[in-house]
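# Per-entry structural report
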Amino acid sequence: MSGLQPWTTIELPRFGDARGTLTVIEGLKHLPFAIARAYYIYDVPGIVHRGQHAHRNLHRVLIALAGKFEVAVENSDTQARFTLSDPARGLYVAPMVWTDIAGFGDDAVLLSLVSHGYEEGDYIRDHDHYLREVKVRAQ
Ligand code: TYD
């Protein structure tokens, strides 16, 4: 999976008719990785920041299943911000990208689909540590 962009939005299929809309996600077909784990975050107070970390090996796709929130992403070269509010649009985030997720609206539900099981050792939770590690990897 090398050569992927550090982050990119992904449009997911929508099957809509008078009964409503259905969106489907298949790993490897709609996402650039096989899905090993899903988790979701909800009941987040509007002033809270979550996801202040990077992963060494984990690929992620973030989706606003309901409501909205903002995702700030950065790596050694650049940074960007995305407002997610569409359940048929995901934000792919590669390994070694720092994320900060904030601005959760009432009733927001953030779904994360990720490439590996939970491993605390895969997390970089300190931003200074992240900046040092990402610089070393870029050399
Ligand atoms: P945390 O990583 O702090 O959430 P955020 O995405 O906001 O940074 O995770 C919160 C808690 O949930 C923490 O105690 C670890 C636990 N957790 C698991 O046990 N398994 C998981 O797959 C995840 C993502 C978190």
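Quick note: structure is the one above.
If you're wondering where the values come from, they're calculated on a predicted model, not measured in any experiment. (Residues numbered from 1 in each chain as written. Predicted model: local features only at pLDDT ≥ 70, side-chain atom pairs only at ≥ 80, totals over all residues. Heavy atoms only, no water.)

### Some details on the site of the ligand
Threshold: The near set for a molecule or strand comprises every residue that places at least one heavy atom within 4 Å of it. A 3.5 Å cut-off defines polar contacts: any pair of N or O atoms within that distance qualifies, except that in protein one atom must be a possible hydrogen donor and the other a possible acceptor, and neighbouring residues in sequence count only when both atoms are side-chain atoms. Here, Shrake-Rupley sampling with a 1.4 Å probe gives the accessible areas, and only protein chains in the shown set may cover a residue. Strands here mean DSSP runs of E at least two residues long; helices mean DSSP runs of H or I at least four residues long; both are numbered from the N terminus. Gly counts as polar in this scheme, as do all residues outside two lists: the nonpolar Ala, Val, Leu, Ile, Met, Phe, Trp, Tyr, Cys and Pro, and the charged Asp, Glu, Lys and Arg.
Taken together, Arg-37, Tyr-39, Ile-41, Arg-50, Gly-51, His-53, Tyr-118, Tyr-123 and Arg-125 are the residues near the ligand. In this structure, an oxygen atom belonging to the ligand sits 3.2 Å away from a main-chain N or O atom of Gly-51. At 3.0 Å, a side-chain N or O of Arg-125 approaches an oxygen atom of the ligand. Here the ligand loses 59% of its free accessible area of 530 Å² to cover by the protein chains. When residues of the shell around the ligand are traced back to their parent elements, those giving at least two are β4 (37-42) and β5 (50-55). Split into classes, the residues belonging to the shell around the ligand amount to four nonpolar, two polar and three charged.

### Brief notes about the sheet that holds strand β8 (residues 79-84)
Strand pairing in a sheet relies on backbone hydrogen bonds, with the paired strands running either antiparallel or parallel. For the record, the criterion: At least two bridges found by DSSP between two strands is the condition for calling them paired.
The five strands lie next to each other as β8-β7-β10-β5-β12, forming an open sheet whose pairing is antiparallel. Lying at the two open borders of the sheet, with one neighbouring strand each, are β8 and β12 (123-124). With two bridges joining them, β5 and β12 adopt antiparallel strand pairing. Looking across to β12, one finds that His-55 is bridged to Tyr-123.

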